[in-house]
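Observations on chain architecture
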Amino acid sequence: MIIAVDGPTASGKGTIAKRLAAHFGVPCLDTGLLYRAVGRQVAINEGDPDNPAEALAACAFPDELLDDEVLRTEESGGLASRVSVHPEVREALFKRQRAFAEQPGGAVLDGRDIGTVIAPDADVKLFITASVQSRARRRWMEMVDKKLDHEEEIPLSEIEKDVVARDARDINRKDAPLKAAPDAFVIDTTSLDREQAFEMVLETVEEAL
Ligand code: C5P
């Protein structure tokens, strides 16, 4: 059983994917972390994330980097969205994601192109979304809660701008842009809290299986 969970930044898809995986007892892969690790490795190499060759070289990041808290920062998210534009980077990360999806017991993967590129054969495809304002607010609250980046003082308006920029880059890139697969269930969580969102998702998945 493969469940594909796609959606824009701060849509809550990561939390939903983890909870689905725990519910069904299967492993979960947050594919954004792979792109974040590549972006971070470019920075470690003092390279340019917009240069395809330098971004490709950074795909040979050490696995331990995936556990580094720094990958959760806004800065790492921004770097990830820049390196993820390059087809050679996407190609380099493809096999690893595909292998995860194909493991015998099933898997949940979350990202931007799981239902369209990585696992077009997924049993259930979800596209989790919410308004820009509510996603920016959630991201801001999360930053304040976790004191990530040591930047609690970042104004909400800045986060909103970042969300809009990230959406534009993910939606408009040529290779594997962010979009719902034609057979995906689109779930808008703008007016739902976490619990309500998960309930709606679980109901959808159970009906679809
Ligand atoms: O999901 P997360 O915010 O961690 O993703 C960071 C960035 O990585 C996204 O903005 C997107 O550009 C890129 N990404 C992608 N394809 C995926 C997952 C993430 O292009 N499957």
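Values in this document were obtained by computation on a predicted structure and should not be read as measured data.

**Things to note about the environment of I154**
- Within the secondary structure layout, I154 lies in the loop between helix 7 (132–146) and helix 8 (156–172).
- In this structure I154 comes out as partly exposed when scored by C-beta crowding, with 16 C-beta atoms within 10 Å.
- Residues I154 and V144, ten residues apart in the sequence, show an inter-C-alpha distance of 9.2 Å.
- Residue contacts for I154: discarding those within four places in its chain leaves M143 and I159.

**Some words on the site of the ligand**
- Near the ligand there are 14 residues, and of these G32, Y35, S81, S84 and G111 occur at the shortest range.
- Elements with a minimum of two residues in the shell around the ligand: helix 2 (31–44), helix 4 (74–83) and helix 8.
- With four residues, helix 2 is the single largest residue contributor to the shell around the ligand.
- When its residues are assigned to classes, the shell around the ligand shows two nonpolar, seven polar and five charged.

**Let's talk about the nonpolar core**
- The biggest cluster of nonpolar side chains holds 27 residues, and the ones touching the most others in it are I3, A4, V5, L109 and L126.
- Sorting the residues of this core by element identifies strand 1 (2–6), helix 1 (13–24), strand 3 (107–111), helix 6 (114–118), strand 4 (124–129) and helix 9 (194–208) as the ones contributing at least two each.
- In this structure L109 touches A4, L29, T31, Q97, F100, A101, I114, I118 and A119, once residues within four positions along its chain are discounted.
- Within the second largest apolar cluster, 15 residues are counted, among which are L33, L34, V38 and V42.

**Some points on the UniProt feature "binding site: ATP" (unreviewed entry) in the protein chain**
- Within this structure's numbering, the places UniProt gives as "binding site: ATP" (unreviewed entry) are G7, P8, T9, A10, S11, G12, K13, G14 and T15.
- Examined against the element boundaries, G7 turns out to sit in the loop between strand 1 and helix 1.
- For G7, a count of 27 C-beta atoms within 10 Å corresponds to the buried category.
- Non-local contacts of G7, meaning those with residues more than four positions away in its chain, are made with K13, F127, I128 and T129.

**Some remarks on the environment of G14**
- Examined against the element boundaries, G14 turns out to sit in helix 1.
- Taking the C-alpha atoms as reference points, G14 and S131, separated by 117 residues in sequence, lie 17 Å from one another.
- Residue contacts for G14: discarding those within four places in its chain leaves D30 and D110.

**A look at the sheet that holds strand 5 (residues 185–188)**
- Read across the sheet, five strands follow the order 2-3-1-4-5 without closing on themselves; strand pairing throughout is parallel. What marks the edges here is a single partner per strand, and that holds for strand 2 (28–30) and strand 5. Averaged over neighbouring strand pairs, the angle between their axes works out to 20 degrees when direction is ignored.
- Relative to strand 4, strand 1 is paired through four bridges, and the arrangement is parallel.

**Quick word on the confidence of the model for the protein chain**
- Considering every residue of the protein chain, the mean pLDDT works out to 94; 97% of them sit at 70 or more.
- Across the predicted assembly, pTM comes out at 0.95 and ipTM at 0.99.

**With respect to the packing of helix 4 against helix 8**
- Here helix 4 crosses helix 8 at 20 degrees, and the two axes come no closer than 10 Å. Looking at the two axes, helix 4 sits roughly parallel to helix 8. For the crossing formed where helix 4 meets helix 8, the hand is left-handed. Across the interface between the two elements, E74, G77 and S81 from helix 4 touch D162, R166, R169 and D170 from helix 8.
- Class assignment for the residues of the contact of helix 4 with helix 8 results in no nonpolar, two polar and five charged.

Reading the values: the criteria
Residues numbered from 1 in each chain as written. Predicted model: local features only at pLDDT ≥ 70, side-chain atom pairs only at ≥ 80, totals over all residues. Helix = DSSP H or I, 4+ residues; strand = E, 2+ residues; numbered from the N terminus. Buried ≥ 20, exposed ≤ 12 C-beta atoms within 10 Å, placed from the backbone. Contact = placed C-beta atoms within 7 Å. Near = placed C-beta within 6 Å. Nonpolar A, V, L, I, M, F, W, Y, C, P; charged D, E, K, R; others polar. Core = buried A, V, L, I, M, F, W, Y, C linked by C-beta atoms within 7 Å. UniProt positions renumbered as here; feature names shortened; annotations may be inferred. Pairing = 2+ DSSP bridges. Axes fitted to C-alpha atoms, helices over the stretch in contact; angles between N-to-C directions. pLDDT = per-residue confidence, 0-100. Parallel < 35°, antiparallel > 145°, perpendicular 65-115°, else oblique. Left-handed = near helix turned anticlockwise from the far one by under 90°.

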